[in-house]
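# What the coordinates show
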Amino acid sequence: MKTKAFIVCLLVFLLVAGTLIAGCTTNSAKPAAGSSTPAVTQASAASATQASTSPKILRMADLSAITSIDPASSGVFVTEKAMVTEPLVGATQDFVLTTKLATSWKQTSPTTWEFKLRDDVKFHNGQPMTANEVKFTLDRTCNLNAASREMADYKSSRVIDDHTIEVTTNTNIPILPAILHYSNFGIIHPDSLNAQGNFSIPVGTGPMMYDSFDQQTRVFTVKKNPDYWAGTVKLDGVVFSSVPDHNSRTLAIEKGDIDFTVDLPYNEAERIDALPGINVEKYLTPRVYVLYVNFDRAPLQDLRLRQALSLAINRTDIVNHVLYGIGQPAKGFFLPSMSFGNKNLEQLPYDPVKAKALLAEMGYKDTNGDGIVEKDGQPLTINLITATNRPALSPMAETIGSDLKAIGIQSKVEVMASAAGNDRVSAGTYDLNLVANNIAMVPDPGYILPKWFKSTGDTNKGHYKNATLDAQIDDAMHTVDDKERLAKWNKVESDAYDLLPIIPVADYGVLIVKKDTVQGYKFDPTAHDYALDYEITITE
Amino acid sequence: MHYYLIKRFGFLVLTIIAASALAYFMLHAVPGETAENVARHTIVGIEDDVSELVKAEISSKYNLNDPIWVQYTNWLSGLIFHGDLGSSYVYKDTSVMTLISLALGPTIILAIASMLIVIVVGIPLGMYCAVHENRPSDLIVRGATILSISFPSFWLALMLILVFSLTLDLLPVAGYGTPANIVLPAVALALHPTAVVIRIVRTSMLETLGQQYITFAIAKGLSFGHILWNHAIKNALIPVLTLLGVYFGNLLAGTVIIENIFAWPGIGNLLISSVDARDIPVVTSCIVVIVAMFLIVNFVVDLSYHFIDPRIRYE
């Protein structure tokens, strides 16, 4: 504290002295930049830093700059956070699908679906929402966003009447309604495009409508939709800015420059929560910390080694000391709140003694007394890589490394930029890869399980092959009956939990930081980080 | 003089082309595939997996399958013949030219504000120290400069926020748009160069004051103030000018850390986010602009020597 005070005094001294001396010695500062004082006049979006008075304006600070306000590519922002657009299908807190802009849906043939639409929804330009705009949006999103098109396996859609639309897919996609819940499918009016057919502003149906977007500061403001179909919108508007530096964001909410933000440094959570007027809430998001296993490495093909690795990891300690309690030890591959997860799965045990026994059973023994087990004179080495893109990955990898060391495995932990990590994975030069993977971009087990465990899965970069599991997954993917399909997915999940092609570590936590004046906020676990809805408000 | 100008200008163009080529090719040498990175920063999440189909579509959209030198030549010919820097892979709604012109303003404003602090505080304080050599006030200022040089700017920035925003509640923490927003980043950026300038001015001034022509002027009976302002300062400022040029160039190149801390929408912020997303046209164009500004500032500084000291001529 003394040092701080000293520095402050020095700073003040430097400034004051400088100004004084400059004032006494006339004409001393003529050279260079003779262009007068900096004229920072960037009127409009400045409201981001002004205190809100009578209108109820919520000031948000996001982590990354808003690069686009087109829901086809930035649906997470435009649909979930800014509330400008809405998808056809909603989801509850337990990841169960509900109606949104569509009132019902049914699969009319293996590749066609019929969606009935609400007839009381108006776009922000006053036009009623019909099947034409839905078709326009689905065509456009799938045309512009290859990832969305691939996920839905979208072929085309057909307007049956004003409030009925038929969607055709190339193959049988039983989870199409869940896919249409994805934020990139937020419905827009063709007025969102300019005369040249390029996107200009999002004209949606949500509780908030476009107000302004400053290309320079990337500050996006939305205002209340007075005609919202689902109820009365309580806020008058929201200002979205971005403060990428974690410390600055912390200080900004501490000072009161913003009302709501997420993901402060984990070690700051308790201190900020204790401050008057600010509260910090911890939630789980659909993301898990998992270890990808490289099956091209011979020893890892042995289930006993994978079990030993899992037994060596102290998940409870990791959650308490690395994540500061933000998150929880994994129980299965899904979050406890997800209705479709297998509820019979327990947290994987921590048992270093049993882990050592498994290694011994495989023939690994510490013959030279260096604490590392060997087989045929070769020490057992595990190369664990992870990326820097999420704050907890690096300390978590270090902790797992020392857990492995404790059972006699020589661990080599490497932390790198995610692009470099991808290259290592492609080249196959790693044993374990610690990542925080999204598990429910689409609220259905059919989203992640095939990606992870099918031998041809997108995310199966460790080349795990299991014909039985492949057949089970194919069967589940194409089962039309919801209950039957769910039972099949639960079986896939529990079998994979026993086989450990991927070793789960912990569920991902998010910090929601808001002022006490922010009322009516409900955490939406299906969102990425956070989502807002029309009932959130701010009091004086 | 004309020959000198032409030579310098040619050198400037060559340097820009070389820098852009270097940036372009080095970005491709960095681990990770461009199409994959672009997809992760646009249509799928940062750590989500990008399918071959998505990669193929992005690659064909931006001609990423062409050999790198073809891509580079296309970009360069666009710049030379059409003055077009291409369009961004990530900021889909804007051309690179627009992005850069939007980012350049805040960077220039911040650079000028910091430079003003450096000049207005650094030069007079340096002179003051030289005139009061080894007196307590000189020692205090020199001590302060050591501290200012030793602390990293990001730490100083956070301390400034802590004191002036949080404790004293005078200024906003971060953001852009009001005059109050510029104070903290400008001071945070200025502290280090100011300290260096103080020390250089002091040393240079002391050296000048020890010259025979100063002794002669004193002997002639001129007032000390007159000697200082009309004889000493011009000679003492030459090394300072070089230093100021380098610092100003640096400031114009954008200051990634400070811009990030204060959420300042400058070119440093644009560059760093574009490097992350492998937005090659934006990164290369940013580097071209930064190199150009750095060279121009240095060129102007070189020319200004002549005005301060007419004995310096350019052949």
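Residues numbered from 1 in each chain as written. Chains lettered and ligands numbered in written order. Predicted model: local features only at pLDDT ≥ 70, side-chain atom pairs only at ≥ 80, totals over all residues. Heavy atoms only, no water.

### Examining the overall build of chain A
Looking only at helices and strands, chain A features 15 helices and 21 strands. For chain A, the spread of C-alpha atoms along the principal axes amounts to about 80 × 75 × 45 Å. Looking at the 540 residues of chain A, the share that counts as buried comes to 56%. Carbon and sulfur atoms make up 53% of the accessible area of chain A, which totals about 21400 Å². Counting 50 positive and 62 negative side-chain charges, chain A places the averaged centre of each group 2 Å from the other. (Helix = DSSP H or I, 4+ residues; strand = E, 2+ residues; numbered from the N terminus. Buried < 20%, exposed > 50% of the residue type's maximum accessible area, 1.4 Å probe, protein only. Areas by Shrake-Rupley, 256 points an atom, 1.4 Å probe, with all protein chains shown as cover. Lys, Arg positive; Asp, Glu negative; His and termini not counted. Charge placed at Lys NZ, Arg CZ, Asp CG, Glu CD.)

### Section: the packing of helix H7 (residues 153-167) of chain B against helix H8 (residues 179-209) of chain B
Residues and elements named next belong to chain B. At a minimum axis separation of 9 Å, H7 and H8 run at an interaxial angle of 140°. Between H7 and H8, the angle is such that the two are oblique. For the element pair H7 and H8, the recorded crossing hand is right-handed. Judged by residue contacts, Ser153, Leu156, Ala157, Leu160, Ile161, Phe164 and Ser165 of H7 engage Leu184, Val187, Ala188 and Leu191 from H8. The residue inventory of the contact of H7 with H8, partitioned by class, reads nine nonpolar, two polar and no charged. (Axes fitted to C-alpha atoms, helices over the stretch in contact; angles between N-to-C directions. Parallel < 35°, antiparallel > 145°, perpendicular 65-115°, else oblique. Left-handed = near helix turned anticlockwise from the far one by under 90°. Contact = heavy atoms within 4.5 Å. Nonpolar A, V, L, I, M, F, W, Y, C, P; charged D, E, K, R; others polar.)

### Here we look at a nonpolar patch on the surface
All names here are of chain B. Together, Phe9, Val13, Ile17, Ile80 and Phe81 make up an exposed nonpolar region whose accessible area comes to about 510 Å². Listing elements by their share of the nonpolar patch, those giving two or more residues are helix H1 (2-29) and helix H4 (68-82). Among the elements that take part in the nonpolar patch, H1 stands out by supplying three residues, more than any other. Along the chain, Ile17 falls in helix H1. (Patch = residues over 30% accessible without salt bridge, like charges linked within 9 Å, V, L, I, M, F, W, Y side chains within 5 Å. Salt bridge = Lys/Arg side-chain N within 4 Å of Asp/Glu carboxyl O.)

### Notes on the environment of Trp489 of chain A
Residues and elements named next belong to chain A. Structurally, Trp489 is set in helix H15 (residues 482-499). Along the chain, Trp489 and Gln472 lie 17 residues apart, while their C-alpha atoms are 8.3 Å from each other. If near-sequence neighbours (up to four positions away) are discounted, Trp489 is found in contact with Asp444, Pro445, Gly446, Leu449, Pro450, Ile473, Ala476 and Met477.

### Let's talk about the pairing of strand S9 (residues 220-224) of chain A
Where a strand is regular, its side chains alternate between the two sheet faces. Residue and element names in this part refer to chain A. Sheet analysis places strand S8 (residues 208-213) next to S9, joined by five bridges and oriented antiparallel. Residue pairing in the sheet places Phe213 in a bridge with Phe220 of S9. Here S8 hands over to S9 after six residues, with Arg218 in that stretch at a positive phi of 60°. Examined bridge by bridge, S9 and strand S10 (residues 237-242) share four bridges and lie antiparallel to one another. Paired with Val222 across the bridge in S10 is Val238. (Pairing = 2+ DSSP bridges.)

### Describing the packing of aromatic side chains
The tally for this structure, following the rule as stated, stands at 28 aromatic pairs over all chains. A centroid spacing of 4.7 Å and a plane angle of 25° characterise the contact between Phe151 of chain B and Trp155 of chain B, whose relative ring orientation is stacked. Overall, Phe151 of chain B belongs to the partly exposed group, its relative accessible area being 23%. Trp155 of chain B sits in the partly exposed class, given a relative accessible area of 26%. On the numbers, 4.6 Å between centres and 85° between planes, the contact of Tyr176 of chain B with Trp264 of chain B is edge-to-face. Here the residue Tyr176 of chain B occupies a position in the loop between H7 and H8, and Trp264 of chain B occupies one in the loop between helix H11 (256-261) and helix H12 (267-277), the gap between them amounting to 88 residues. You'll find Tyr176 of chain B and Trp264 of chain B in the same group, each marked buried. Ring-pair connections join several aromatic residues into one group, and the members of that group are Phe77, Tyr210, Phe213, Phe220 and Phe240 of chain A. Its end group placed over the ring of Tyr364 of chain A, Lys375 of chain A keeps NZ or CZ at 5.1 Å from the ring centre. (Phe/Tyr/Trp six-rings, centres within 6.5 Å; stacked < 30°, edge-to-face > 60°. Lys NZ or Arg CZ within 6 Å of the ring centre and 35° of its normal.)

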